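Remarks on the overall topology
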Amino acid sequence: MGERTDEHGGPAGVRVPDSRLVAEATELVRDTTSDLVYDHSRRVFFFGSLLGRARGISHDPELLYVAALFHDVGLGEPFHDSGRRFEVDSANEARRFLAARSVPEDSIRRVWTAIALHTTPGIPEFMEPEVALVTAGVEYDVLGFGFDELAADDRAAVVALHPRPAFKQSILRAFADGVGPKPETTFGNVKADVLAHYDPHFERGDFVRTILESPWPE
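Everything in this summary refers to the structure shown in the same document. This one's a predicted model, so the numbers in the text were calculated from it and none came from an experiment. (Residues numbered from 1 in each chain as written. Predicted model: local features only at pLDDT ≥ 70, side-chain atom pairs only at ≥ 80, totals over all residues. Heavy atoms only, no water.)

**A look at helix H9 (residues 191-198)**
- Every buried residue belonging to H9 is among Lys191, Ala192, Val194 and Leu195, and all of these are buried. For H9, the angular spread of buried residues about the axis comes to 155 degrees, placing them on one side.
- Here the buried face of H9 lies against helix H4 (86-99) and helix H8 (167-179). (Buried < 20%, exposed > 50% of the residue type's maximum accessible area, 1.4 Å probe, protein only. Helix = DSSP H or I, 4+ residues; strand = E, 2+ residues; numbered from the N terminus. Arc of directions from axis to C-beta. Contact = heavy atoms within 4.5 Å.)

**Looking at the nonpolar core**
- With 40 residues, the main nonpolar core has Phe45, Val66, Phe70, Phe97, Leu98, Val111 and Ile115 as its most contacted residues.
- At the level of secondary structure, the elements contributing two or more residues to this core comprise helix H1 (20-32), helix H2 (35-55), helix H3 (61-70), H4, helix H5 (105-116) and helix H6 (129-143).
- The dominant element in this core, judged by the number of residues it contributes, is H3, at eight residues.
- Beyond its immediate sequence surroundings of up to four residues, Val111 is in contact with Leu63, Val66, Ala67, Ala94 and Leu98.
- Phe167, Ala174, Ala176 and Leu195 belong to the second-largest nonpolar core, a separate cluster that totals twelve residues. (Core = buried A, V, L, I, M, F, W, Y, C linked by side-chain atoms within 4.5 Å.)

**Section: the environment of Ala192**
- Within the secondary structure, Ala192 is located in helix H9.
- In this structure, the C-alpha to C-alpha distance between Ala192 and Phe202, residues ten residues apart in sequence, is 8.7 Å.
- Sequence-distant contacts of Ala192, defined by excluding residues within four places in its chain, comprise Thr186, Phe202 and Arg204.

**Some points on the side chain of Ser41**
- You can see Ser41 is positioned in helix H2.
- According to the relative accessible area criterion, Ser41 is buried, its value standing at 0%.
- When sequence neighbours within four positions are dropped, the list of residues in contact with Ser41 reads Ala68, Leu69 and His71.

**A look at the pattern of salt bridges**
- Inspection of the entire model under this criterion finds 16 salt bridges.
- Note that Glu24 is salt-bridged to Arg20, the shortest N-O span being 2.9 Å. Taken as a pair, Glu24 and Arg20 lie in helix H1 at a separation of four residues, close to a single helical turn.
- Exposure remark for Glu24: the relative accessible area of 22% places this residue in the partly exposed category.
- When the shortest N-O distance is used, the salt bridge between Glu93 and Arg96 registers 2.3 Å. Of this pair, Glu93 and Arg96 both sit in helix H4, separated by three residues, roughly a single helical turn.
- You can call Arg96 partly exposed: its relative accessible area is 48%.
- One network of salt bridges, in which partners are shared, links Asp106, Arg109, Arg110, Glu128 and Glu130. (Salt bridge = Lys/Arg side-chain N within 4 Å of Asp/Glu carboxyl O.)

**Describing the environment of Leu150**
- Positionally, Leu150 belongs in the loop between H6 and helix H7 (152-161).
- Here Leu150 falls in the buried class, since its relative accessible area comes to 6%.
- Along the chain, Leu150 and Tyr140 lie ten residues apart, while their C-alpha atoms are 9.7 Å from each other.
- For Leu150, the contacting residues outside a window of four places in its chain are Phe47, Leu50, Leu51, Tyr140 and Arg155.

Here you go:
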C-alpha cells in the first residue's frame with residue numbers, strides 16, 4: 001500500500017479515538033488489506049458513529065473502531081481455504097488482536113459479535129450498541145440504507161477523507177474473490193447473491209431441498 005497519513009481528528013466532528021489500541025489496529029489493517037477494504041472500513045466507523053449520534057445510541061468508540069476496521073479482513077487470501085464464513089474469520093482475527101492486548105473478555109465478545117453478524121440483517125439492531133452500529137455503518141456504505149439520515153455535508157466529509165472510486169463494482173468483486181474459494185459458506189446468507197452474479201458455475205444451496213432431501217424419513 002502507498003504511504004498515507006491519518007489524523008486522529010475525523011470528519012463531521014467524529015474523532016478517531018486516540019489510543020494505542022486504535023493506532024495498532026489501524027497500522028495492522030492498513031498493512032494487511034487493500035486500500036479498498038481499508039477505506040471502506042474507516043467509512044464504516046465514521047458512518048456508524050454518525051448514525052449513532054443521529055439515533056441517540058451511546059457506544060464505546062474504541063470498540064466500534066476496532067470492529068469496523070477488522071470486519072472485512074477475512075476476505076483476504078490467507079483465509080480463502082479456512083472453510084469458515086469470512087465474517088467468522090474476520091471476527092476471529094479481531095479477537096486474537098484484542099486478546100493479545102489483554103482487552104476484557106466482554107469487550108472482545110462485543111467486537112466479535114459485531115463483526116460476525118454484520119451481514120445478518122434484522123438482528124444486530126437489537127443488540128449492543130457496537131454490534132448495531134457496525135452493521136448500520138456497513139449497510140450505509142455498501143447498501144445506502146438510511147442514506148438521507150445523515151446530512152449531505154457530513155457524508156461528503158467522510159468520502160473526502162476516504163474516497164470510494166468505482167466502489168460498487170470493486171467491493172462486489174472483493175466479495176466474490178473472498179468467498180469464491182469456499183462457496184459452501186454462502187448457504188443461507190447474502191454472499192450467495194454475489195456468487196450467483198459473478199461465478200457462472202456457482203450452485204446456490206436450497207434450504208427447502210436441503211430439508212426435503214435430509215436423511216430423516218419424514
